[in-house]
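Survey of secondary and tertiary structure
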Amino acid sequence: MKLFIQRGAGQNDGFTVYNEKGEPIYTAVVKLSGILGMTMYDRSNHTVSDIRLNNLVLNYFSIRCCHRMYILIPCLNKRFAFAIYGSTYRFMGSLSDGRFSMLDSHGDTVMTQKKCWTPHGDGYEIEITDRKYTLFMLSVALCADIYITLSENNPLPV
């Protein structure tokens, strides 16, 4: 399944996830009060994922989706990546490039992200092969995109 993530035009806007037909299927809204976070909603406006950027000794993301909680810790090994807790998936690639993959416990690629020009402007193309965990994969991609956005000149409000 191929999806596209597009950042909103305004400083306080979040992200919109589009399908291959260019139809919006998920919307991630930035929460401005307290801890920086985003909530992802489906077409029916139901919450499907809750993402928070926390700071306790170090910065890390917490994701609540699919009746589970996951922790993503940015780390610098050979490349700038995430260490993922709460899942057997591994992160491969570089956050700073906006190009990465998620691998399952057997080393098979279950998701890739790369920068691209979408029908709605500059954004990211996401290819997901494990549909069972689509919401988790999209949440990880949004965490990466938030991290990339925070390093730009016009970051999301903190």
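In the block above lies the structure referred to throughout.
Residues numbered from 1 in each chain as written. Predicted model: local features only at pLDDT ≥ 70, side-chain atom pairs only at ≥ 80, totals over all residues. Heavy atoms only, no water.

1. Describing the pairing of strand β3 (residues 24-31)
In terms of strand pairing, strand β2 (residues 15-18) meets β3 through 4 bridges, oriented antiparallel. Residue pairing across strands places V17 opposite Y26, the latter belonging to β3. Taking the residues that link successive antiparallel strands as the turn, the β2-β3 hairpin has 5 residues, and the phi of G22 there is positive, at about 85 degrees. (Pairing = 2+ DSSP bridges. Helix = DSSP H or I, 4+ residues; strand = E, 2+ residues; numbered from the N terminus.)

2. Re a nonpolar patch on the surface
Taken together, the side chains of L56, V57 and L58 present a nonpolar region at the surface, about 350 Å² in accessible area. Counting through the fold element by element, L56 comes out in strand β5 (residues 47-56). (Patch = residues over 30% accessible without salt bridge, like charges linked within 9 Å, V, L, I, M, F, W, Y side chains within 5 Å. Areas by Shrake-Rupley, 256 points an atom, 1.4 Å probe, with all protein chains shown as cover. Salt bridge = Lys/Arg side-chain N within 4 Å of Asp/Glu carboxyl O.)

3. A word on the pattern of salt bridges
Tallied over the entire structure, the rule returns 4 salt bridges. One salt bridge connects K114 with E125, and the closest N-O pair in it is separated by 3.9 Å. Of this pair, K114 sits in strand β11 (residues 109-118) while E125 sits in strand β12 (residues 121-128), placing them 11 residues apart in sequence. Taking relative accessible area as the criterion, K114 reaches 31% and is therefore assigned partly exposed. When its relative accessible area of 15% is taken as the criterion, E125 is described as buried. When salt bridges with common partners are traced through the structure, they connect K2, K114 and E125 into a single cluster. (Buried < 20%, exposed > 50% of the residue type's maximum accessible area, 1.4 Å probe, protein only.)

4. Describing the side chain of S49
Within the secondary structure, S49 sits in strand β5. At a separation of 2.6 Å, a polar atom in the side chain of S49 contacts the side chain of S139. Excluding residues that lie within four positions of it along the chain, S49 makes contacts with M38, T39, M40, I63, R64, C65 and S139. (Polar contact = N/O pair within 3.5 Å; in protein donor to acceptor, adjacent residues only side chain to side chain. Contact = heavy atoms within 4.5 Å.)

5. Side note on unusual backbone geometry
Positive phi is not limited to glycine here, since V57 has a value of about 75 degrees. Along the polypeptide, V57 turns up in the loop between β5 and β6 (58-65). Backbone geometry at H67 places phi at a positive 60 degrees, although glycine is not the residue there. Along the polypeptide, H67 turns up in the loop between β6 and β7 (68-76).

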